[in-house]
Amino acid sequence: MIIRNEVVKIGYLSFDASVKIHYSGKYTSTKTSKSGNMGIAGYIRHIDRSADKMNSCEVQHSNPDINSDLTLENESYYKDSNGEWQRTSRSKDMENAINRRIEYAKEHGARISTKGKNDTVIVRPLVLQMGNDSITGHENTWMWDLIGILEKEFGTDNITGFSIHKDETNPHIHVCFVPCHESEKNGKLKCTISQTKFFHNPKQLAGLHNKFRKKLLDKGYDIELENKPIEEVLACYYDKDGKFHQQGLTPDMLKRLSNKEIQLRMEMIRMRIREEDLDILEKNIREMKEQEKAREEEMERRFEKERESLSTQQTALENDRATLQSKEYDLLIKEMKVQRMEENAENTKREAEEMFEKAASITEICNQILSEEKHLNAKFLEFLKREDERTGRHTHDAVVNWFKRFQNERKKKHTNGLSDLFDFDYKTKELLESGNRVRNERLRNRNSNADSTTDNSLNIIDIIGTNTDYDFSA
């Protein structure tokens, strides 16, 4: 076992992220200030040249360090639709993987522009190179270790493909990185294509060198851990052989400059940093405005929905109110009818009671009359007997015989037998009234002249014989 503290770190790691590929197809390099219009397809054709050679469509590259005899030893991989690494068989494989990630971001709200400063950077190629001494012992895993570090740093799904170049001086890896930033708000996934979400400023970008070296040290690689001052890092870079090149001024040259020139250069650096910060701020403000606009639109939709719901409820309430008023009116009409019926019933009851009282009074009078007339025949016959005894006549027998003869004639006329149902008729009433008058007259005569010899029997007989039809045998 090798104890790490006793090992001399002679390896190195270079990391480059200076190239930007825009949605319009334009590419720029912050390190060389070069630009062009190769787009994604041109970039893939450069890094996945082994696939082109296998398909007999090899393109001549301007890099003199490329040994075409070793190109077929290069390896290229892409992520399929399931997120699994696959070996490329054609250059379109890696390009399609990039486009899938961009379409995913667009489906989740990412807005991509092709105009001016807003020309969106959709791919930020990454180049990592390790010295041969650093790869020793990790020949079959070093590329996957680097890819694992990049996936953790920039997002697993954002690393869509890579190519290992073995046809140049030192093996190195080109990585396709789509700067898709995912966030979740109110349970909804939101994507933005923004390189500034991952590279905030040059200082932070330069700090990734040290960060990656530390992770490789943790995995057992022999790597020198350098941490140069920010001024020196911004002014230099490592070539493909790991050789340090001064792009701007060396530290000695910086020392020879006057303080004013140093301040001017540093101010320019700070201005570039501020410009990027302003771009970030501008983009953040734009995103905030878009989010606010979306929030306002959502609130407006909710308000409109609530207003429609309220209108529907109000209409239903008005309908219920109208129905209730109609029912109340019907109930009032029914109550008035019931009250009128009760009043009519009360009046009818009162009238019935009055009629009943009248009927009772009439009944009482009738009963009294009937009671008196029930004994009238017997009293009248008794009266006739007394008169016969007083006068010596036989009026009683004659009246009885006359009535019997009258009854026989009457029975012949009324063969239906209904005559037995009646106790009175008009002639009986006249007979009773005549009898009463005669009786009253005789009583008056008797009282006025007790010795009078006047005899009215014949008149009585005549009256009875001509007027009565009463059944004295009853």
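Data block above holds the structure.
Values in this document were obtained by computation on a predicted structure and should not be read as measured data.

Moving on, we come to a negative patch on the surface. A surface patch of negative charge is lined by E346, E351, E353, E354 and E357. Tracing the backbone shows E346 in helix α9 (residues 259-374). For E346, a relative accessible area of 44% corresponds to the partly exposed category.

Before going further, it helps to examine the pattern of salt bridges. Applying the stated criterion across every chain yields a total of 17 salt bridges. Across the pair K92 and E95 runs a salt bridge whose closest N-O atoms are separated by 3.6 Å. In this pair, K92 and E95 are both assigned in helix α3 (residues 91-107), three residues apart and thus about one turn of the helix distant. Its relative accessible area of 40% is what places K92 among the partly exposed residues. Where K215 meets E153, a salt bridge forms, and the shortest distance between an N and an O atom there is 4.0 Å. Of the two residues, K215 is situated in helix α6 (residues 202-218) and E153 in helix α5 (residues 142-154); the sequence distance between them amounts to 62 residues. Salt bridges sharing common partners tie together E153, K211 and K215.

This part takes up the sheet that holds strand β1 (residues 13-16). Pairing is antiparallel in the open sheet, where six strands are placed in the order β1-β8-β10-β9-β5-β6. Pairing within the sheet leaves two strands with one partner each, and these edge strands are β1 and β6 (85-87). Strand-to-strand, the axes of this sheet are offset by a mean angle of 20°, without reference to chain direction. Here strand β8 (residues 126-130) runs beside strand β10 (residues 172-177); their pairing, made up of four bridges, is antiparallel.

Reading the values: the criteria
- Residues numbered from 1 in each chain as written.
- Predicted model: local features only at pLDDT ≥ 70, side-chain atom pairs only at ≥ 80, totals over all residues.
- Heavy atoms only, no water.
- Patch = residues over 30% accessible without salt bridge, like charges linked within 9 Å, V, L, I, M, F, W, Y side chains within 5 Å.
- Areas by Shrake-Rupley, 256 points an atom, 1.4 Å probe, with all protein chains shown as cover.
- Salt bridge = Lys/Arg side-chain N within 4 Å of Asp/Glu carboxyl O.
- Lys, Arg positive; Asp, Glu negative; His and termini not counted.
- Charge placed at Lys NZ, Arg CZ, Asp CG, Glu CD.
- Helix = DSSP H or I, 4+ residues; strand = E, 2+ residues; numbered from the N terminus.
- Buried < 20%, exposed > 50% of the residue type's maximum accessible area, 1.4 Å probe, protein only.
- Pairing = 2+ DSSP bridges.
- Axes fitted to C-alpha atoms, helices over the stretch in contact; angles between N-to-C directions.

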